[in-house]
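A structural walkthrough
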Amino acid sequence: MSILRRNNVTVSGPVDGPVVVLAHGFGCDQNMWRLIVPALAERYRVVLFDYVGSGGSDLSAWDPERYASLDGYARDVVEVCEELGLERAAFVGHSVSAMVGVLAARTAPERIGALVMVAPSPRYIDDDGYRGGFSAEDIEELLESLEANYLGWSSTMAPLIMGNPERPELGQELTNSFCATDPDIARVFARTTFLSDSREDLPGVSVPTLVLDCTEDMIAPRAVGAYVQAAVPASRLVTLKATGHCPQLSAPEATAEAILDFLRTVR
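Residues numbered from 1 in each chain as written. Predicted model: local features only at pLDDT ≥ 70, side-chain atom pairs only at ≥ 80, totals over all residues. Heavy atoms only, no water.

1. Brief notes about the nonpolar core
How we decide: The set of buried Ala, Val, Leu, Ile, Met, Phe, Trp, Tyr and Cys residues whose side-chain atoms join them within 4.5 Å is what this entry labels a nonpolar core. Residue burial is assigned from relative accessible area. The probe radius is 1.4 Å, only protein chains are included, and a residue is buried under 20% of its type maximum, exposed over 50%, and partly exposed in between. In DSSP terms, a helix is any run of H or I states spanning at least four residues, a strand is any run of E spanning at least two, and both are numbered starting from the N terminus. We call two residues in contact when some of their heavy atoms are within 4.5 Å.
Judged by nonpolar contacts, the single largest core of 70 residues is most densely connected at F26, V77, M117, L174 and F178. With eight residues, helix α4 (residues 96-107) is the single largest residue contributor to this core. Not counting chain neighbours up to four residues away, the residues in contact with F26 comprise V96, L146, Y150, W153, F178, A186, F189, A190 and T193.

2. Focus on the pattern of salt bridges
To be explicit about the condition: Whenever a carboxyl oxygen of Asp or Glu lies within 4 Å of a side-chain nitrogen of Lys or Arg, that contact is scored as a salt bridge.
Scanning all chains against the criterion turns up 14 salt bridges. One salt bridge connects R199 with D127, and the closest N-O pair in it is separated by 2.8 Å. Taken together, the residues R199 in the loop between α8 (183-194) and β6 (209-216) and D127 in the loop between β5 (112-118) and α5 (136-148) connect sequence positions 72 residues apart. On the basis of relative accessibility, which here comes to 34%, the residue D127 falls in the partly exposed class. Measuring nitrogen to oxygen at the nearest pair gives 2.6 Å for the salt bridge that ties E147 to R191. Of this pair, E147 sits in helix α5 while R191 sits in helix α8, and the two are 44 residues apart along the sequence. Note on E147: relative accessible area 28%, which makes it partly exposed. Overall, the relative accessible area of 27% leaves R191 in the partly exposed class.

3. Remarks on the packing of aromatic side chains
What counts is decided by this rule: Under the pairing criterion, centres of Phe, Tyr and Trp rings, with the six-membered ring standing for Trp, must be within 6.5 Å; the plane angle then separates stacked pairs below 30 degrees from edge-to-face pairs above 60, leaving the rest tilted.
Under the counting rule described, the total for this entry stands at 14 aromatic pairs. Geometrically, the ring pair formed by F26 and W153 is edge-to-face, given 6.2 Å between the ring centres and 75° between the ring planes. One end of the pair, F26, is in the loop between β2 (19-23) and α2 (37-41); the other, W153, is in helix α6 (residues 150-162), and 127 residues separate them in sequence. The pair F26 / W153 is uniform in exposure class, with both members buried. A centroid spacing of 6.5 Å and a plane angle of 80° characterise the contact between Y51 and F189, whose relative ring orientation is edge-to-face. In this pair, Y51 sits in the loop between β3 (45-48) and α3 (70-84) while F189 sits in helix α8, placing the two residues 138 residues apart along the sequence. Assessed through its relative accessible area of 1%, Y51 is described here as buried. Taking relative accessible area as the criterion, F189 reaches 4% and is therefore assigned buried.

4. With respect to unusual backbone geometry
Here the phi dihedral of A119 falls at roughly 50°; this positive angle occurs in a residue that is not glycine. In this structure, A119 sits in the loop between β5 and α5. By relative accessible area, which is 2% here, A119 ends up buried.

Now the structure itself:
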């Protein structure tokens, strides 16, 4: 099976430009990046893809065992990079994909030369001395609701995750994206996402890293962004003038500007 077909890979921008790989989060696909791609593609070769089970990927490649851990998604990233022959690409990961990028950079350091973590969270569940934003009971209730009625859960949760209630079209877009995902696949991805704990992986990051958080984000509160920045050596933190968990949609200009400012310093 072609890796490029499997992951619905698309490439834009100058052929000889430095490479930026954009990776979507849970319940989404590469379309979530469409508002910032034009700004990036003026100088950078932009690689977009869908994880297996998402968007236009080949659903026949879905394997619940492989994708029951973040390592399975990191393998997708590494295999796409290998197929395209990428070296020292900048990897931009939204939400759970920020931690996928950490794993991919550790697995194939020759492929990834910089990380941008957009609204990252290494652990969603609170722990001793750590605030992830949710109790264990919160997450279990969330997962039980999702598994019992995925479409109903999506309609309720997507607008809350998106934030920006004064712009209901944003919440509707995320709802539509969630609802387009196969419920059985979404259940596995959700458990993989919300039960993961990548905190021990952060100190091992050895590439330049930008952490982007938002002024208000119910999924990844600002305390989480500060934790990630403190844990990742030589990283920097920028708080976007944006609310909600998807600044690439709610504040695309600010998001693109922050990414471009960072990339100029590492190239």
